[in-house]
Amino acid sequence: MPDKSKKAEVIQNYATTSGDTGSTTVQIAILTERINNLSRHLGENRKDKHGQRGLQLLNGQRRRLLKYLERTDYEGYIALTDRLGIRRGQRIVR
């Protein structure tokens, strides 16, 4: 889990309006930060099976949110995935 200052920075960077902490884009950005931190941790601690399960759960949650964003706001989905550097090479041209 990122510390409060890092989480506040992520929220500030991806918020659509002031006070926006729960939009889909902000949730995906926070999950991406958590996934990156946990991936670094698991690189150093390969036998942490509970951490691996947590990573799988976070990836699933982010995947569901990305699917929702792709359905509802395709242009926003493209912009967010490019900005976060995720989902390369899997885009469908519409």
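A short tour of the structure in this document, coming up. Keep in mind it's a predicted model, so treat the numbers as computed, not measured. (Residues numbered from 1 in each chain as written. Predicted model: local features only at pLDDT ≥ 70, side-chain atom pairs only at ≥ 80, totals over all residues. Heavy atoms only, no water.)

Considerations on the overall build of the protein chain
In terms of regular secondary structure, the protein chain is built from 4 helices and 0 strands. Secondary structure elements of the protein chain occur, N-terminal to C-terminal, as α-α-α-α. With respect to the three principal axes, the spread of C-alpha positions in the protein chain is 40 × 30 × 15 Å. A total of 94 residues make up the protein chain; the buried ones form 37% of that total. Of the contacts formed within the protein chain by residues at least 6 apart in sequence, a portion of 44% connects residues at least 24 apart. Working note: accessible area of the protein chain is about 6,600 Å², and carbon and sulfur atoms make up 47% of it. Of the side-chain charges in the protein chain, 19 are positive and 10 negative, and the distance between the mean point of each set is 8 Å. (Helix = DSSP H or I, 4+ residues; strand = E, 2+ residues; numbered from the N terminus. Buried < 20%, exposed > 50% of the residue type's maximum accessible area, 1.4 Å probe, protein only. Contact = heavy atoms within 4.5 Å. Areas by Shrake-Rupley, 256 points an atom, 1.4 Å probe, with all protein chains shown as cover. Lys, Arg positive; Asp, Glu negative; His and termini not counted. Charge placed at Lys NZ, Arg CZ, Asp CG, Glu CD.)

Re the side chain of T25
Looking at the secondary structure, you find T25 in helix α2 (residues 24–44). Judged by relative accessible area, T25 falls into the buried class, the value being 18%. Each residue touching T25, except ones within four places of it in the same chain, is listed here: Y14, T16, L69 and L80.

Examining the packing of aromatic side chains
Here the structure, examined in full by the defined rule, presents 1 aromatic pair. The aromatic ring of Y14 is capped on one face by R83, whose charged end is 4.1 Å from the ring centroid. (Phe/Tyr/Trp six-rings, centres within 6.5 Å; stacked < 30°, edge-to-face > 60°. Lys NZ or Arg CZ within 6 Å of the ring centre and 35° of its normal.)

Looking at the environment of Q52
Along the chain, Q52 falls in helix α3 (residues 49–72). For Q52, a relative accessible area of 29% gives the class partly exposed. Put simply, Q52 and S39 are 13 residues apart on the chain and 8.7 Å apart in space, counted from C-alpha to C-alpha. With residues near it in sequence (within four places) discarded, Q52 still touches L42 and R46.

Details of the pattern of salt bridges
Tallying each qualifying case throughout the model produces 1 salt bridge. The residue E9 makes a salt bridge to K6 at a minimum N-O spacing of 4.0 Å. One end of the pair, E9, and the other, K6, are both in helix α1 (residues 4–14), 3 residues apart, so they sit about a helical turn from each other. (Salt bridge = Lys/Arg side-chain N within 4 Å of Asp/Glu carboxyl O.)

What about the packing of α3 against helix α4 (residues 74–84)?
Running from N to C, α3 and α4 cross one another at 135 degrees; their axes reach a closest spacing of 5 Å. Classified by the angle between their axes, α3 and α4 sit oblique to one another. Here α3 contributes L66, L69, E70 and T72 to the contact with α4, which in turn contributes Y74, G76, Y77, L80 and T81. Taken together, the residues that form the contact of α3 with α4 break down as 5 nonpolar, 3 polar and 1 charged. (Axes fitted to C-alpha atoms, helices over the stretch in contact; angles between N-to-C directions. Parallel < 35°, antiparallel > 145°, perpendicular 65-115°, else oblique. Nonpolar A, V, L, I, M, F, W, Y, C, P; charged D, E, K, R; others polar.)

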